[in-house]
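# Architecture at a glance
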Amino acid sequence: MKRIDGSNRSGLSWAVLLAASWPQWAGATTQCPPGTGEKGPVFWALGFGMLGLFFVLGLAAVFGAVRATRGMKWTRRLPLLLAALVAMLCLWMLGLWLFGSYFVMVC
């Protein structure tokens, strides 16, 4: 019998976790009740508009930081630009989460 060392235990733990969560995946893909109907084009336009808004806000955070930090030394500018990149990614993830939660995964 082959002995499982520490590196393989991590993979085994993930496999057990995925196997245990399998019934939850099936519950997440159940259909909506028959009376809910289709979502209209205005609903989707609002959802994609909100997603686009968060995308633009994320880009504006980076471009605004680049513009505001012009003329600074790199030792002071680099942390501010990295913080703006983190803010951009957070805004993008928030937009995706809101889009998924309120426009895709609703009946």
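Our subject is the structure that appears above.
Right, let's walk through the structure included here. Note that this is a predicted model, so its numbers are computed, not measured.

### Here's the deal with the side chain of R77
If you trace the backbone, R77 turns up in helix α4 (residues 74-104). For R77, a relative accessible area of 15% puts it in the buried group. Apart from residues lying up to four places away in sequence, R77 is in contact with V66, T69, R70 and M72.

### Some details on the nonpolar core
In this structure, M50, F54, L98, F99 and F103 together form the largest nonpolar core, which totals 5 residues. Going through the elements one at a time, α3 (41-68) and α4 are the ones with two or more residues in this core. Per element, the largest residue contribution to this core is 3 residues, and it comes from α4. Apart from the residues within four sequence positions on either side, F103 is in contact with K39, F43, W44, L46, G47, M50 and L98.

### Considering α3
Residues spaced three or four apart along an α-helix face the same direction, because each turn holds 3.6 residues. The end-to-end C-alpha distance of α3 is 39 Å, a good match for the 40 Å that 28 residues give at a rise of 1.5 Å each. Taken residue by residue, α3 has G47, M50, F54, G58, V62 and A65 as its buried positions. The inward-facing, buried residues of α3 contact α4.

### Points about the packing of aromatic side chains
Counted under the stated rule, the structure contains 8 aromatic pairs. Residues F99 and F103 carry aromatic rings whose centres are separated by 6.1 Å and whose planes lie at 25° to one another, so their mutual orientation is stacked. Of this pair, F99 and F103 both sit in helix α4, 4 residues apart, roughly one helical turn. On the accessibility criterion, F99 (10% relative accessible area) is buried. Residue class for F103 comes out buried when judged on its relative accessible area of 9%.

Cut-offs used in this document
- Residues numbered from 1 in each chain as written.
- Predicted model: local features only at pLDDT ≥ 70, side-chain atom pairs only at ≥ 80, totals over all residues.
- Heavy atoms only, no water.
- Helix = DSSP H or I, 4+ residues; strand = E, 2+ residues; numbered from the N terminus.
- Buried < 20%, exposed > 50% of the residue type's maximum accessible area, 1.4 Å probe, protein only.
- Contact = heavy atoms within 4.5 Å.
- Core = buried A, V, L, I, M, F, W, Y, C linked by side-chain atoms within 4.5 Å.
- Expected span 1.5 Å × (residues − 1).
- Phe/Tyr/Trp six-rings, centres within 6.5 Å; stacked < 30°, edge-to-face > 60°.

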